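Tertiary structure, described
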Amino acid sequence: MLAEISALLAPLAAAIGYSSYKARQFEQTYPNIGELTDVGGFRMNALHIKRPENADLPALVFIHGASGNLLDQAGAFRAALEGRAEMLFVDRPGHGYSERGGPENAIPSGQADAIATLMEKRGIERAIIVGHSFGGAIAAAFGVRHPEKTAGLLFLAPATHPWPGAIDWYYHVATAPLVGWLFNHVVVVPLGLSRVERGTLNVFRPNSRPSDYIEKTGPSLVLRPRTFRNNAVDFKRLLAYVKEQSPLYSRITAPTVIITGDKDEIVWEHLHSRGLARDIEGSELVTISGVGHKPDYLATDVAIAAMEKIAGASRDLQAAARRAEERLASSLGDQTIAIQPPLMPGALHGI
């Protein structure tokens, strides 16, 4: 009997050992470039670019989406904005190198509060809050809960409103008692590594993914067991959260711009982006034809023009969007990698 049990447990122990080894390898490949700060019971990680002497923009706080970390938004904006503004690229609670903290951090309002505390610790009184994808729900919560700290809001392909459908199956498995622990420690790494290439291509579809995107943004960090579970919990809580909280968006008074692509198959723009434009009085919706879920990379110039407009400059964002469309039209490729379909039409899903 003991031999039979050992024969069963040995492959399981080997798989757990492999996942632990790969998790350490991911961290060696993508070491922390930020700094951990105590925000009251747990530490948040962020890359803080201090205010330059000749800054012409307010402070900027960047919030990444699901399955991501601060490297994603830093890769899109850091170089383009260097010397123009104080910048804070955050790892959301439980993502990247940030600790998770308490149960309040499983929903966007708790993560928004943690970012507000981090800003205080870093000496940032007010900022333009930039949220991509899942980070859009957190940016919206920030605008509702911390208006005194909100110089403006910039939403990039945001996930902010209720949607029909479901989330991918593995998020349910990852959060299940016991089975979830085994799944996260045994299955996630080999399954996830086999999907990173296709997943990142899908996030950019129908546009081309930058050739160095994986190398620079560390998507494999989400495959670490604890991080993957945190990501899954975030996903599972999001639908109920936005059903309850989206009616509060009408309270937002900060200058607001929403930038979205009309080919976004990850987060439907007609539900989320148009919903925000409807709910936030005075906001401006900028829809870029032919763009998918990554306007932060594909239309960085439009996003920066939006920051300038929020800060008070005169900018024609609709004209900027048309110029971006012209630039991108020639680069649209016919990718042959198949999309991993959501469980139901309109489902919100990630890598």
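This section reports on the structure supplied with the text. Throughout, residues of each chain are indexed from 1 in the direction in which the sequence is written. With pLDDT at 70 or above as the cut-off, local features in this predicted model cover only qualifying residues; side-chain atom pairs require 80 or more to be listed or tallied, and sums for whole chains, interfaces and linings still use all residues. Side-chain metrics in this entry use all non-hydrogen atoms of the structure; hydrogen atoms and water are not considered.

1. Comments concerning the pattern of salt bridges
Heads up, the rule is: Salt bridges, as used here, are contacts in which a Lys or Arg side-chain nitrogen is within 4 Å of a carboxyl oxygen on Asp or Glu. In this text, helices come from DSSP runs of H or I with a minimum length of four residues, and strands from runs of E with a minimum of two, each type numbered from the N-terminal end. Relative accessible area decides the class of each residue, using a 1.4 Å probe on protein chains only: under 20% of the type maximum gives buried, over 50% gives exposed, and in between gives partly exposed.
Applying the stated criterion to the full structure yields 20 salt bridges. For E120, the salt bridge is made with K149, and the minimal N-O distance between the two is 2.9 Å. Note that E120 is positioned in helix α3 (residues 108-121) and K149 in the loop between α4 (134-145) and β6 (150-156), a separation of 29 residues in sequence. For D301, the salt bridge goes to R327, with nearest N and O atoms at 2.9 Å. Taken as a pair, D301 in helix α11 (residues 300-310) and R327 in helix α12 (residues 317-329) lie far apart in primary sequence, 26 residues in all. Owing to a relative accessible area of 38%, D301 belongs among the partly exposed residues under this scheme.

2. A few points about the sheet that holds strand β5 (residues 127-132)
Put simply, the rule is: At least two bridges found by DSSP between two strands is the condition for calling them paired. Helix axes are fitted only over the stretch in contact, all axes being lines through C-alpha atoms; the angle between N-to-C directions runs from 0 to 180 degrees. Contacts are assigned to residue pairs that have any heavy atoms within 4.5 Å of one another.
Spatial strand order, β1-β2-β4-β3-β5-β6-β7-β8: eight strands in an open sheet with mixed pairing. A single partner strand is all that each edge strand has here, and the edge strands are β1 (35-38) and β8 (284-288). Direction aside, the axes of adjacent strands within the sheet are offset by 25 degrees on average. Summarising the sheet, β6 and strand β7 (residues 256-261) pair through four bridges and their orientation is parallel. Looking across to β7, one finds that F155 is bridged to I258. In this fold helix α2 (residues 70-81) packs onto β2 (43-49), β3 (59-63), β4 (87-90), β5 and β6, with an angle of close to 165 degrees to the strand it touches most, β4.

3. Structural notes on the environment of A76
Following the sequence through the fold, A76 ends up in helix α2. Placed 220 residues apart in sequence, A76 and D296 show a C-alpha to C-alpha distance of 6.1 Å. Setting aside its immediate chain neighbours within four residues, A76 contacts D296, Y297 and T300.

4. Digging into helix α8 (residues 225-245)
Cut-off, in case you're wondering: Expected helix span is computed as 1.5 Å times (number of residues minus one). Values of bend correspond, residue by residue, to the angle between axes fitted over the seven residues ending at that residue and the seven starting there.
Compared with the 30 Å implied by 1.5 Å per residue over 21 residues, the 29 Å span of α8 between its first and last C-alpha is a close match. Largest kink in α8: about 40 degrees, centred on L238.

5. Examining unusual backbone geometry
Here the bond from R205 into P206 is cis, since omega is 5 degrees, no more than 30 degrees from zero. Position of P206 relative to the elements: it lies in the loop between α6 (179-204) and α7 (213-217). Phi is positive for S67, close to 65 degrees, though the residue is something other than glycine. In this fold, S67 is placed in the loop between β3 and α2. On the basis of relative accessibility, which here comes to 6%, the residue S67 falls in the buried class.

6. Here's the deal with the side chain of Q73
Along the polypeptide, Q73 turns up in helix α2. When its relative accessible area of 1% is taken as the criterion, Q73 is described as buried. Not counting residues up to four positions away in its chain, the partners in contact with Q73 are F62, I63, H64, R78, F89, H132, L156, K294 and D296.

Note that all results are geometric; they support no functional claim without further evidence.
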